[in-house]
Amino acid sequence: MPDERRDPPSTLVNHPTVSVTGGSLRAKRQDIEAVRLISAFAIVWFHAAGEQSPVAYGGLIVYLMLSIYLSGERRLDGVLLWRRLSRILVPWLIWSAIYGFANLAVGRAPVAPMPAWWVGLLAGSSIHLWYLPFILMALLLLDVVKPYVRKAPAAMVAAILAAMLMIFASTWRPTSIALGYPIAQWAHAMPAVLMGVYFLFAPKIPRACALLGFLVIAIGLLAPVADIRLSANNHV
């Protein structure tokens, strides 16, 4: 029989549901599924390069965060490993082949030249494919380490690191961009991954710690807004 136990009343948020990335056995929460659907549309909007595409970029951040949050707490075993590979790696291989043949059809290399062969392997045949190998490695790494970490310290460290990356984004972003695709995309995705780790562990830690971690993340999220306003004032 499925586990019907509830989280302690001191939790900040209720734990969700089944994810496409696998793990949890609980029923799907339609509110989270709706947010994921909206995020997916925002990602398409961003790639369409519309007038508000920078706003739509937030859809990728939310989608990444939810992918980690919905990963569940199951230990990595053969069944979970196969589920992750079949749902993430197989589509990546299929679309890499499709884009590779499309590149050959127009006289381009199937995979763009990269500084090292392994970078090209991780990048795939199109810049739009960077997300799949990235989230696969992030999920597998989390699957391996999360049974052995203490939830409260891990949640707080993840929240602090996410906030620091967002606050000091103007310092490290130029370097990540200079490293090129897909390293730049992976670096920009790290705050969202860390926020997902925080929200994954938040229901299992004391309320005071959860609220503190949420406050730290909120400060980090506000930092880019303040930076944009400061830059705008300097150009007036």
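Residues numbered from 1 in each chain as written. Predicted model: local features only at pLDDT ≥ 70, side-chain atom pairs only at ≥ 80, totals over all residues. Heavy atoms only, no water.

1. What about the overall build of the protein?
Working step 1: Regarding its fold elements, the protein presents 10 helices and 0 strands.
Working step 2: Shown N-terminal to C-terminal, the secondary structure of the protein runs as helices and strands in the order α-α-α-α-α-α-α-α-α-α.
Working step 3: In the protein, buried positions account for 38% of the 236 residues. (Helix = DSSP H or I, 4+ residues; strand = E, 2+ residues; numbered from the N terminus. Buried < 20%, exposed > 50% of the residue type's maximum accessible area, 1.4 Å probe, protein only.)

2. Considerations on the nonpolar core
Working step 1: Within the largest apolar cluster, 41 residues are counted, with the highest numbers of intra-cluster contacts made by Leu64, Ile68, Trp130, Phe134, Ile135 and Tyr198.
Working step 2: Elements with a contribution of two residues or more to this core: α3 (58-69), α6 (131-145), α7 (151-167), α9 (183-201) and α10 (207-234).
Working step 3: Element by element, the count of residues in this core is highest for α9, at 11 residues. (Core = buried A, V, L, I, M, F, W, Y, C linked by side-chain atoms within 4.5 Å.)

3. Let's talk about the pattern of salt bridges
Working definition: two side chains of opposite charge can pair if their charged atoms are close together.
Working step 1: Evaluated as defined, the whole model comprises 2 salt bridges.
Working step 2: Across the salt bridge formed by Asp143 and Arg84, the nearest N and O atoms sit 2.7 Å from each other. You can see Asp143 sitting in helix α6 and its partner Arg84 sitting in helix α4 (residues 78-105), a full 59 residues away along the chain. In terms of burial, Asp143 and Arg84 fall into one category: buried. (Salt bridge = Lys/Arg side-chain N within 4 Å of Asp/Glu carboxyl O.)

4. Here we look at the side chain of Asn103
Working step 1: Here Asn103 shows up in helix α4.
Working step 2: With a relative accessible area of 9%, Asn103 lands in the buried category.
Working step 3: Setting aside residues no more than four positions away along its own chain, Asn103 makes contact with Arg108, Ala109, Pro110 and Ser125. (Contact = heavy atoms within 4.5 Å.)

5. Describing α6
Within an α-helix, residues lying three or four positions from one another point in the same direction, as the helix has 3.6 residues per turn.
Working step 1: The terminal C-alpha atoms of α6 lie 21 Å apart, and with 15 residues this matches the ideal 21 Å at 1.5 Å per residue to within 8%.
Working step 2: All of the buried residues along α6 are Tyr131, Pro133, Phe134, Ile135, Leu136, Ala138, Leu139, Leu140, Leu142 and Asp143. (Expected span 1.5 Å × (residues − 1).)

6. Digging into the packing of α4 against α6
Working step 1: Following both chains from N to C, one finds α4 and α6 inclined at 170°, their axes separated by 9 Å at the closest point. Compared by their axis directions, α4 and α6 come out roughly antiparallel. In contact with Leu80, Leu81, Arg84, Leu85, Ile88, Leu89, Pro91 and Trp92 of α4, α6 contributes Leu132, Pro133, Ile135, Leu136, Leu139, Leu140 and Asp143.
Working step 2: Looking at the contact of α4 with α6 residue by residue, the classes come out as 13 nonpolar, no polar and 2 charged. (Axes fitted to C-alpha atoms, helices over the stretch in contact; angles between N-to-C directions. Parallel < 35°, antiparallel > 145°, perpendicular 65-115°, else oblique. Nonpolar A, V, L, I, M, F, W, Y, C, P; charged D, E, K, R; others polar.)

7. Topic: the packing of aromatic side chains
Working step 1: Under the counting rule described, the total for this entry stands at 7 aromatic pairs.
Working step 2: On the basis of an interplanar angle of 40° and a centroid distance of 6.0 Å, the ring pair of Trp95 and Tyr99 is categorised as tilted. In this pair, Trp95 and Tyr99 are both assigned in helix α4, 4 residues apart and thus about one turn of the helix distant.
Working step 3: Taking the relative accessible area as the measure of exposure, Tyr99 reaches 29% and is therefore partly exposed.
Working step 4: Each ring, one from Tyr198 and one from Phe199, has its centre 4.9 Å from the other, and the planes form 70°; the classification is edge-to-face.
Working step 5: Ring-pair connections join several aromatic residues into one group, and the members of that group are Tyr63, Trp130, Tyr131, Phe134 and Trp186.
Working step 6: Its end group placed over the ring of Tyr148, Arg75 keeps NZ or CZ at 5.6 Å from the ring centre. (Phe/Tyr/Trp six-rings, centres within 6.5 Å; stacked < 30°, edge-to-face > 60°. Lys NZ or Arg CZ within 6 Å of the ring centre and 35° of its normal.)

8. Quick word on the packing of helix α8 (residues 169-179) against α9
Working step 1: Running from N to C, α8 and α9 point in directions that differ by 150°, and their axes come no closer than 7 Å. In this view, α8 runs roughly antiparallel relative to α9, as classed from their interaxial angle. Across the interface between the two elements, Trp172, Arg173, Ser176, Ile177 and Leu179 of α8 pack against Ile183, Ala184, Ala187 and His188 of α9.
Working step 2: Across the contact of α8 with α9, the residue classes break down as 6 nonpolar, 2 polar and 1 charged.

9. Some remarks on the confidence of the model for the protein
Parts of the model with low pLDDT should not have their predicted coordinates read in detail.
Working step 1: Taken over all residues, the pLDDT of the protein has a mean of 75, while the share at 70 or more is 67%.
Working step 2: Predicted confidence for residues 226-236 stays below pLDDT 50, and this span has 0 contacts to residues more than four positions away or in other chains. (pLDDT = per-residue confidence, 0-100.)

10. Describing the environment of Gln185
Working step 1: Among the structural elements, Gln185 can be located in helix α9.
Working step 2: Note: C-alpha distance between Gln185 and Trp130 (55 residues apart in sequence) is 7.4 Å.
Working step 3: The residues touching Gln185, leaving out its near neighbours within four places in the chain, are Ile127 and Trp130.

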